[in-house]
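Breakdown of the fold
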Amino acid sequence: MRLLQAEELFRKVLEGGSKKKAARLLGLDVGSKYVGLAVSDEKNRIALPLSVLSHTKTNINLMADDFKTLASKYTLAGFVVGYPFNLHGQHSSDAVQVRLLAGELYQTGKLDDLCYTYWDENFTSKCVEALLHPLNLKNRDEAKTMTDKFAAVCILQGYLDNMNRKLRPSDKSDS
């Protein structure tokens, strides 16, 4: 796993993929108990909710295996990992948990062919909680996993919107 700048990862996605399938991205919302997952569509314009993985100190190899399976199934080029910057654009204390997970995944050696970038996740969980509140989900675990999954959608969609605005128009002018 290699850390890339946001634009560098998106350029790789635009250039990558096979003739049959386009390269896609996986969005991650890293929490203390769960990692919410979202996947981009084949045109890398829309983020879709996928699932939630349990996150413990002892299951990092299982998580890496799951990511490897998802990478194969969805022709993933990399990950967009939600990163909690503070309001001044600096790293927050919660960022340690995100960097720790990325480091542990790297150390497994199972995802060496994939890249990742960090993307600001501020307020995504709060926004999703507000959207899900009218559903009045009674089961706390269900509500939490739903929040994590849709927070991953918000992170990935924010990234896709930004990168498509920045990079797609210049790509069209080159052809």
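In every chain, residue numbers begin from 1 and rise along the written sequence. Reporting of local features is limited, given that this is a predicted model, to residues whose pLDDT is at least 70; pairs of side-chain atoms are given and counted only at 80 or more, and all residues count toward the totals for whole chains, interfaces and linings. As a convention, hydrogens and water are excluded, and side-chain values are obtained from all of the structure's heavy atoms.

Helix numbers and strand numbers start at the N terminus; a helix is a DSSP run of H or I with at least 4 residues, a strand a run of E with at least 2. Each helix and strand counted, the protein has 5 helices and 6 strands in total. Counting helices and strands in the order they occur from the N terminus, the protein gives β-α-β-β-β-α-β-α-β-α-α. By the burial criterion, 43% of the 175 residues in the protein qualify as buried. Residue contacts are defined here by distance: any two heavy atoms, one from each residue, within 4.5 Å place the two residues in contact. Excluding contacts between residues fewer than 6 apart, the proportion of contacts in the protein whose partners are at least 24 apart in sequence is 68%. In the form shown here, the protein has an accessible surface area of approximately 9,800 Å², with 53% of it arising from carbon and sulfur atoms. Each residue is placed in one exposure class: buried if its accessible area under a 1.4 Å probe, protein chains only, is under 20% of its type's maximum, exposed if it is over 50%, and partly exposed if it falls in between. For the area figures, the Shrake-Rupley method with a 1.4 Å probe applies, and any residue is considered shielded solely by the protein chains shown.

To continue, consider the packing of helix α2 (residues 60–74) against helix α3 (residues 95–108). Orientation is described by lines fitted to C-alpha atoms, with helices fitted over the stretch in contact, and by angles between N-to-C directions that extend from 0 to 180 degrees. Their axes nearest at 9 Å, the elements α2 and α3 cross at an angle of 75°. Between α2 and α3, the angle is such that the two are roughly perpendicular. Touching Ile60, Asn61, Met63, Ala64 and Phe67 of α2 are Leu101, Glu104, Leu105 and Thr108, all from α3. Residues are grouped as follows: Ala, Val, Leu, Ile, Met, Phe, Trp, Tyr, Cys and Pro are nonpolar; Asp, Glu, Lys and Arg are charged; all remaining types, including Gly, are polar. Split into classes, the residues belonging to the contact of α2 with α3 amount to 6 nonpolar, 2 polar and 1 charged. By definition in this entry, angles of less than 35 degrees are roughly parallel, angles greater than 145 are roughly antiparallel, angles of 65 to 115 are roughly perpendicular, and the rest are oblique.

Here the focus is the packing of aromatic side chains. We call Phe, Tyr and Trp rings a pair once their centres come within 6.5 Å, taking the six-membered ring for Trp, and we label the pair stacked below 30 degrees between planes, edge-to-face above 60, and tilted otherwise. If you walk through the whole model with that rule in mind, you get 5 aromatic pairs. Each ring, one from Phe10 and one from Tyr159, has its centre 6.1 Å from the other, and the planes form 75°; the classification is edge-to-face. Here the residue Phe10 occupies a position in helix α1 (residues 6–15), and Tyr159 occupies one in helix α5 (residues 140–174), the gap between them amounting to 149 residues. Taking the relative accessible area as the measure of exposure, Phe10 reaches 0% and is therefore buried. Centre to centre, the rings of Tyr116 and Tyr118 are 5.5 Å apart; their planes meet at 80°, and the pair counts as edge-to-face. Since its relative accessible area comes to 10%, Tyr116 is described here as buried. When its relative accessible area of 13% is taken as the criterion, Tyr118 is described as buried. A connected cluster of aromatic rings, assembled from ring pairs, spans Phe10, Trp119 and Tyr159.

Any functional reading would require information that these geometric values do not contain.
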